[in-house]
Amino acid sequence: PDYEPKMSKPAIRREIFLLTVKGERSRPGLTAALAETMGKHDVTILDIGQAEIHDMLSLGMLIEAPAEPGLNVLKEIVFMAHHLGLTVNFTPISSPDYERWVFEQAKPRFTVTLLTRRLFAHYLAIVTKIIFDNNLNIDMITRLSGRQSLKSPDVRSRRSALQFEVSGKPRNVDQMREELFKVSLTQPVDVAVQEDDLFRRNRRLILFDMDSTLIQCEVIDELAKRAGVGKQVAEITESAMRGELDFKESFRRRMRLLKGMPESVLTDIADNLPITEGAPRLISNLKRLGYKVGILSGGFTYFAERLQKEMGIDYVHANQLDFKDGQLTGEVVGEIVDGNRKAELLQQIAKKEGLSLKQVIAVGDGANDIPMLKLAGLGVAFHAKPKVKEQAKVGISTLGLDGILYLLGVRDREVLQETRNERLKEVMMPVPPAKL
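Residues numbered from 1 in each chain as written. Predicted model: local features only at pLDDT ≥ 70, side-chain atom pairs only at ≥ 80, totals over all residues. Heavy atoms only, no water.

### Some thoughts on the overall build of the chain
Helix and strand counts for the chain come out as 15 helices and 17 strands. Each principal axis of the C-alpha atoms in the chain carries an extent, and together these give about 105 × 60 × 40 Å. Per-residue burial over the chain gives 44% buried out of 436 residues. The long-range share in the chain, meaning contacts at least 24 apart out of those at least 6 apart in sequence, stands at 71%. Looking at the chain as shown, the accessible area adds up to about 23400 Å², and 52% of this sits on carbon and sulfur atoms. (Helix = DSSP H or I, 4+ residues; strand = E, 2+ residues; numbered from the N terminus. Buried < 20%, exposed > 50% of the residue type's maximum accessible area, 1.4 Å probe, protein only. Contact = heavy atoms within 4.5 Å. Areas by Shrake-Rupley, 256 points an atom, 1.4 Å probe, with all protein chains shown as cover.)

### Focus on the sheet that holds strand β8 (residues 189-195)
Reading across the sheet, the four strands line up as β6-β7-β5-β8 and stay open at both edges, with antiparallel pairing between neighbours. A strand with exactly one partner marks an edge of an open sheet, and here the two such strands are β6 (137-143) and β8. Here the average twist between neighbouring strands, direction ignored, is 20°. Sitting on the sheet, helix α5 (residues 173-186) touches β5 (109-116) and β8, and the angle it makes with β8 is about 165°. (Pairing = 2+ DSSP bridges. Axes fitted to C-alpha atoms, helices over the stretch in contact; angles between N-to-C directions.)

### Description of the side chain of Thr-113
For Thr-113, the position within the fold is in strand β5. For Thr-113, the contacting residues outside a window of four places in its chain are Leu-162, Asp-190, Val-191, Ala-192, Tyr-406 and Leu-407.

### Details of the packing of helix α4 (residues 121-133) against α5
It is at 10 Å that the axes of α4 and α5 come closest, and there the two elements cross at 170°. When the axes of α4 and α5 are compared, the pair comes out roughly antiparallel. Facing α4, whose interface residues are Ile-126, Val-127 and Ile-130, α5 presents Met-176, Glu-179, Leu-180 and Val-183. Here the contact of α4 with α5 is composed, by residue class, of six nonpolar, no polar and one charged. (Parallel < 35°, antiparallel > 145°, perpendicular 65-115°, else oblique. Nonpolar A, V, L, I, M, F, W, Y, C, P; charged D, E, K, R; others polar.)

### Regarding the environment of Glu-335
As for its placement among the helices and strands, Glu-335 is situated in the loop between β13 (327-333) and α12 (339-352). Using a relative accessible area of 49% as the deciding quantity, one classes Glu-335 as partly exposed. Separated by 36 residues in the primary sequence, Glu-335 and Pro-371 have C-alpha atoms spaced 18 Å apart. With residues up to four places along the chain from it excluded, the contact list for Glu-335 reads Asn-319 and Arg-341.

### Focus on the packing of helix α9 (residues 263-271) against helix α11 (residues 301-311)
Interhelical geometry of α9 versus α11 gives an angle of 35° and a closest axis separation of 10 Å. Here α9 runs over α11; the crossing is right-handed. Here Glu-263, Leu-266, Thr-267, Ile-269, Ala-270 and Asp-271 of α9 come into contact with α11, specifically with Tyr-302, Phe-303 and Arg-306. (Left-handed = near helix turned anticlockwise from the far one by under 90°.)

### Quick word on the environment of Gly-228
Position of Gly-228 among the secondary structure elements: in the loop between α6 (219-227) and α7 (230-241). With 29 residues separating them in the primary sequence, Gly-228 and Leu-257 have C-alpha atoms 9.5 Å apart.

### Description of unusual backbone geometry
A positive phi angle is found at Asp-55, which is not glycine, with a value near 70°. With respect to the element layout, Asp-55 can be found in the loop between β2 (44-53) and β3 (56-66). Using a relative accessible area of 37% as the deciding quantity, one classes Asp-55 as partly exposed. In the Ramachandran plot, His-383 falls in the positive-phi region, its phi being about 45° despite a non-glycine side chain. Relative to the assigned elements, His-383 resides in the loop between β15 (378-382) and α14 (386-392). On the basis of relative accessibility, which here comes to 24%, the residue His-383 falls in the partly exposed class.

### Considerations on the pairing of strand β14 (residues 360-364)
Within β14, five of the five residues are buried, which leaves the element mostly enclosed by the surrounding structure. Going residue by residue along β14, you find Val-360, Ala-362 and Gly-364 tucked away on one face and Ile-361 and Val-363 tucked away on the opposite face as well. Pairing geometry for strand β9 (residues 205-208) and β14, over four bridges, is parallel. Bridge pairing in β14 links Ile-206 to Ile-361. Crossover β14 to β15 through helix α13 (residues 370-375) is right-handed. (Right-handed = clockwise from strand over helix to strand, strands pointing away.)

### Quick word on the pattern of salt bridges
Under the counting rule described, the total for this entry stands at 27 salt bridges. For the salt bridge of Lys-342 with Asp-209, the shortest nitrogen-to-oxygen distance reads 3.1 Å. Of the two residues, Lys-342 sits in helix α12 while Asp-209 sits in the loop between β9 and α6, which places them 133 residues apart along the sequence. Here Lys-342 matches Asp-209 in class, with each residue buried. Residues participating in the shared-partner salt-bridge network are Asp-97, Arg-100, Glu-104 and Lys-107. (Salt bridge = Lys/Arg side-chain N within 4 Å of Asp/Glu carboxyl O.)

### As for the sheet that holds strand β11 (residues 292-300)
With mixed pairing, the seven strands of this open sheet are ordered in space as β13-β12-β11-β9-β14-β15-β16. A strand with exactly one partner marks an edge of an open sheet, and here the two such strands are β13 and β16 (394-396). Between one strand axis and the next, the sheet turns through 25° on average, direction left out of account. Taken together, the four bridges between β11 and strand β12 (residues 315-324) define a ladder with parallel strand orientation. Considered in β12, the bridge of Ile-295 is made with Val-316. Across the sheet, helix α10 (residues 279-288) lies against β9 and β11, angled at about 155° from β9, the strand it touches most. Against the sheet, α11 engages β11 and β12, with an angle of about 135° to β12.

So, in structure tokens, the structure goes:
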């Protein structure tokens with residue numbers, strides 16, 4: 001039999017709208033109600049986002065709807081929103097404008113993290129002006145820190161962390177980092193710029209310097225004070241800083257001054273190590289995320305292994321002290337751990353764990369940490385001298401070590417709080433003053 005060909009239905013013209021909904025606090029079931037209403041009219045949702053600040057809701061949807069007579073779907077949404085006490089606006093979006101927006105997702109993307117104890121408006125103005133001047137657009141701002149009570153008198157307990165997701169091609173990324181670095185020299189803020197890629201969210205190994213990083217003292221100086229040779233050790237240290245001695249030779253000279261010190265003195269110092277603010281919180285949370293944690297130190301295994309036991313650290317590489325009859329001989333056993341050795345150990349541990357160097361975080365404060373800070377995917381100069389911060393490209397000088405969680409995009413509300421270990425004597429970091 002003959003069949004008449006079926007006539008295809010004419011394509012229904014469709015239009016694109018930006019729908020914005022605003023009002024007091026998010027209403028339970030609002031999104032479901034909107035979606036149900038739009039579902040009756042064959043609406044496609046192209047993008048969606050929602051934010052709430054102090055009980056005020058802002059919801060946005062980019063939708064494609066059939067250009068039916070009277071656009072009934074829009075009328076129904078307006079009626080529903082009015083019933084809920086919300087305000088609705090519709091903005092028509094042309095097809096070329098929409099395609100331009102789609103194309104822009106291919107732009108390079110960066111994450112800028114702003115850290116401070118208290119966020120003043122002029123800090124935000126300085127940082128966002130630098131972002132703007134470098135041809136970058138802020139796509140999203142997220143507060144990572146928790147809500148802060150204004151009744152707390154201790155400014156050190158406060159913290160403010162913002163994460164900016166930015167896109168565009170900056171004129172020069174290194175120059176932008178330099179500009180933001182200079183901000184931290186004059187204001188009590190830290191600003192970190194990272195490429196927003198898969199590695200930023202998938203670090204798996206963190207390696208710390210120990211002295212003045214994981215603990216707030218230089219153990220060799222503490223030993224020198226107990227031995228009554230603090231002045232001589234300080235002179236050797238100064239000579240090394242002037243470049244007159246390399247690290248290994250200065251280390252040997254300082255060690256020889258400690259010859260004859262009884263082990264009981266070391267035990268007393270080890271029992272009272274001042275743990276850096278935020279270190280237990282950082283390490284415990286990273287361990288739960290599957291991180292491996294290590295210490296790469298020019299200090300001593302005697303103290304690093306104590307931290308290893310108390311904090312669940314996986315790797316310890318430091319200098320092993322030599323004892324005879326319960327006293328220091330003034331020598332160390334094996335190879336001295338200097339800056340180059342730290343970099344070698346970082347590579348060895350990453351290889352053993354099957355990780356890319358981009359998945360490694362290195363944290364330190366001194367010049368001998370620079371090789372590993374530059375090698376790691378994320379090198380963090382912690383309360384370090386400006387020259388070290390400049391080499392590392394990321395620095396934290398306003399918060400404790402747990403500020404590193406913000407660099408990974410972790411929000412306070414996601415952090416697992418640990419029961420305080422009374423054996424660890426955690427000390428707060430000083431709050432740097434603003435410089436005019």
